[in-house]
Amino acid sequence: MKRQNVRTLSLVVCTFTYLLVGAAVFDALESETERKRWNHLLELKAALVRKYRISEDDYRMMEVAIIENKPHKAGPQWKFAGAFYFSTVVLAMIGYGHSTPVTIGGKAFCMAYAMVGIPLGLIMFQSIGERLNKFASVVIRRAKQYLKCKKEEATEMNLMFATGLLSSVIITTGAAVFSKYEGWSYFDSFYYCFVTLTTIGFGDYVALQVDSSTSDVYGFKIIRSDS
């Protein structure tokens, strides 16, 4: 078997194994809390139905009406400010999922917009990264000159360290800001910044949304992993 084929097969096996390990860990950490939360919500639903004698159809209609009319701190999602935020999320490939186009025209334009915008955004970010690397190289070289190091040129390890340091500063500072203005715990804010910076964008926490991940909804305690 060719060396390249062995390398590809090894990567496939390692990745699949990593997926299995991840699934097992998430199952162990999250499944019990999910079960408790689901049972708790079912109890709340049953209590609400008994108290107000709501039929199943009426409950579903009420559920849809509440979900669809959930308010947002930023106001309407598709006014210019919200649309600009959505466009930014598309280009950055974060995709929180808190707002999505519903019209055929909106969906069609979103696909065309992403096909052009994502490569454009990647080129822009690459260019910014190159400028930042250049700036970091100058700073590192001058720091080495000041410290009178034998090798004054910035190495790849130096640049990797600078990138990691800058990312850490951005995440920790952003976490402090979101913790203050969104009312999240610092850990949840740190998690949100990490998920955003890595463009994972689950959508469980989204800035400028009303109580997007609160554990207390209208006086009812919802079971979460930190409860």
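Everything below is about the structure shown above.
What counts and how
- Residues numbered from 1 in each chain as written.
- Predicted model: local features only at pLDDT ≥ 70, side-chain atom pairs only at ≥ 80, totals over all residues.
- Heavy atoms only, no water.
- Helix = DSSP H or I, 4+ residues; strand = E, 2+ residues; numbered from the N terminus.
- Buried < 20%, exposed > 50% of the residue type's maximum accessible area, 1.4 Å probe, protein only.
- Areas by Shrake-Rupley, 256 points an atom, 1.4 Å probe, with all protein chains shown as cover.
- Axes fitted to C-alpha atoms, helices over the stretch in contact; angles between N-to-C directions.
- Parallel < 35°, antiparallel > 145°, perpendicular 65-115°, else oblique.
- Left-handed = near helix turned anticlockwise from the far one by under 90°.
- Contact = heavy atoms within 4.5 Å.
- Polar contact = N/O pair within 3.5 Å; in protein donor to acceptor, adjacent residues only side chain to side chain.
- Patch = residues over 30% accessible without salt bridge, like charges linked within 9 Å, V, L, I, M, F, W, Y side chains within 5 Å.
- Salt bridge = Lys/Arg side-chain N within 4 Å of Asp/Glu carboxyl O.
- Nonpolar A, V, L, I, M, F, W, Y, C, P; charged D, E, K, R; others polar.
- 1 Å grid on protein atoms, 1.4 Å probe; cavity = no way out; pocket = protein on both sides within 12 Å on 5 of 7 lines; lining within 4 Å.
- Points joined across faces, edges and corners; volume = space filled by probe spheres on them.

Colleague: Provide a residue-level description of the overall build of the protein chain, including the pertinent values.
Modeller: Secondary structure summary: the protein chain contains six helices and two strands in total. N-terminal to C-terminal, the α/β element order of the protein chain is α-α-α-α-α-α-β-β. Taking all 227 residues of the protein chain together, 18% fall into the buried category. Accessible area for the protein chain stands at about 17,700 Å²; split by element, carbon and sulfur atoms hold 67% of it.

Colleague: Report on the packing of helix 5 (residues 156-182) against helix 6 (residues 186-197), specifying residues and quantitative values.
Modeller: Across the interface, helix 5 lies against helix 6 with an axial gap of 8 Å and an inter-helix angle of 130 degrees. In terms of their interaxial angle, helix 5 and helix 6 are classed as oblique. Crossing handedness for the pair helix 5 and helix 6: right-handed. Mapping the contact onto sequence places Ser167, Ile171, Thr172, Gly174, Ala175, Ala176, Phe178 and Ser179 in helix 5 and Tyr186, Ser189, Phe190, Tyr192, Cys193, Phe194 and Leu197 in helix 6.

Colleague: Describe the side chain of Ser189, listing the residues and the values that go with them.
Modeller: Locating Ser189 in the fold gives a position in helix 6. Separated by 3.2 Å, the side chain of Ser189 and the backbone nitrogen of Ser179 make a polar contact. For Ser189, the contacting residues outside a window of four places in its chain are Ala175, Phe178, Ser179 and Trp184.

Colleague: Could you give an account of a nonpolar patch on the surface, with specific residues and numbers?
Modeller: Residues Met124, Phe125, Ile128, Leu132, Leu166, Ile170 and Leu197 make up a contiguous nonpolar surface patch of roughly 640 Å² in combined accessible area. The set of elements that each furnish at least two residues to the nonpolar patch consists of helix 4 (104-146) and helix 5. Of the residues forming the nonpolar patch, the biggest block, four residues, is contributed by helix 4. Counting through the fold element by element, Ile170 comes out in helix 5. Owing to a relative accessible area of 46%, Ile170 belongs among the partly exposed residues under this scheme.

Colleague: How would you sum up the packing of helix 3 (residues 80-91) against helix 4? Please name residues and give values.
Modeller: Interaxial distance between helix 3 and helix 4 falls to 9 Å at its minimum, and their mutual angle equals 55 degrees. One finds that helix 3 runs oblique with respect to helix 4. In terms of crossing hand, the pair formed by helix 3 and helix 4 is right-handed. When helix 3 is examined against helix 4, the residues Phe86, Ser87, Val90 and Leu91 are found in contact with a partner set consisting of Cys110, Tyr113, Ala114, Gly117 and Ile118. The residue inventory of the contact of helix 3 with helix 4, partitioned by class, reads seven nonpolar, two polar and no charged.

Colleague: Any chance you could break down the layout of surface pockets for me, citing the residues and the numbers?
Modeller: Its volume calculated, the second largest pocket comes out at about 890 Å³. A breakdown of the residues in the lining of the second largest pocket according to their chemical character gives 25 nonpolar, eight polar and one charged.

Colleague: Explain the side chain of Ser137 to me, and be specific about the residues and the numbers.
Modeller: Tracing the backbone shows Ser137 in helix 4. Of the residues examined, Ser137 reaches a relative accessible area of 17% and is grouped as buried.

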